[in-house]
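Chain by chain, the residues run as shown.
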Amino acid sequence: MSWCDLTKGRRGRFSAPVLLAAVAASAPAFAGAPPGATACTGCHGPAALDTAIPSLDAHAAADIVDQMQAFRTGQRDATVMGRIAKGFSDEETRAIAEWLAQPEAARHAEP
């Protein structure tokens, strides 16, 4: 069974909770990361620089929060991010964005 098979719902669509769990399981461990944040690095980390999924490196926390809110409200179209964004409160979104806005070396630092 492939990774894509694990993330498909009954109708062949991606299921956000299954997708998050699969990405979180493949993401490296980061000390001090808020819940849900390490799953973001699986798709939006430095390795995403040459893919259709944008890296979040060097993005300001406020910009990440704005984009997550746009996904949550439907202002920004998405196949997966809208469902993921709806799973986080404003406080959780802000904590994740602040952690993601740190340089990668800081995210790997032990607390």
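Up top is the structure.
So, a few notes on the structure that sits alongside this text. Just so it is clear, the structure is predicted and the values come from calculations on it, not from any experiment.

**A few points about helix α6 (residues 90-100)**
Moving on, step 1. Three or more residues of α6 are buried, namely Thr 93, Ile 96, Ala 97, Trp 99 and Leu 100. The arc that holds the buried residues of α6, viewed along the axis, is 165 degrees, so those residues lie on one side.
Moving on, step 2. Tucked into the core, α6 has its buried residues touching α3 (37-44), α4 (61-73) and α7 (104-108).

**Concerning the packing of α4 against α6**
Each packed pair of helices is defined by two parameters, the angle between the axes and the distance between the axes.
Moving on, step 1. In the contact formed by α4 and α6, the axes pass within 8 Å of each other and the chain directions differ by 140 degrees. The angle between the axes of α4 and α6 places the two elements in the oblique class. In terms of crossing hand, the pair formed by α4 and α6 is right-handed. Counting all contacts with α4, which are made through Ala 61, Ile 64, Val 65, Met 68, Gln 69 and Arg 72, the residues of α6 involved are Asp 90, Thr 93, Arg 94, Ala 97, Glu 98 and Leu 100.
Moving on, step 2. Looking at the contact of α4 with α6 residue by residue, the class counts come to 6 nonpolar, 2 polar and 4 charged.

Conventions we followed
- Residues numbered from 1 in each chain as written.
- Predicted model: local features only at pLDDT ≥ 70, side-chain atom pairs only at ≥ 80, totals over all residues.
- Heavy atoms only, no water.
- Buried < 20%, exposed > 50% of the residue type's maximum accessible area, 1.4 Å probe, protein only.
- Helix = DSSP H or I, 4+ residues; strand = E, 2+ residues; numbered from the N terminus.
- Arc of directions from axis to C-beta.
- Contact = heavy atoms within 4.5 Å.
- Axes fitted to C-alpha atoms, helices over the stretch in contact; angles between N-to-C directions.
- Parallel < 35°, antiparallel > 145°, perpendicular 65-115°, else oblique.
- Left-handed = near helix turned anticlockwise from the far one by under 90°.
- Nonpolar A, V, L, I, M, F, W, Y, C, P; charged D, E, K, R; others polar.

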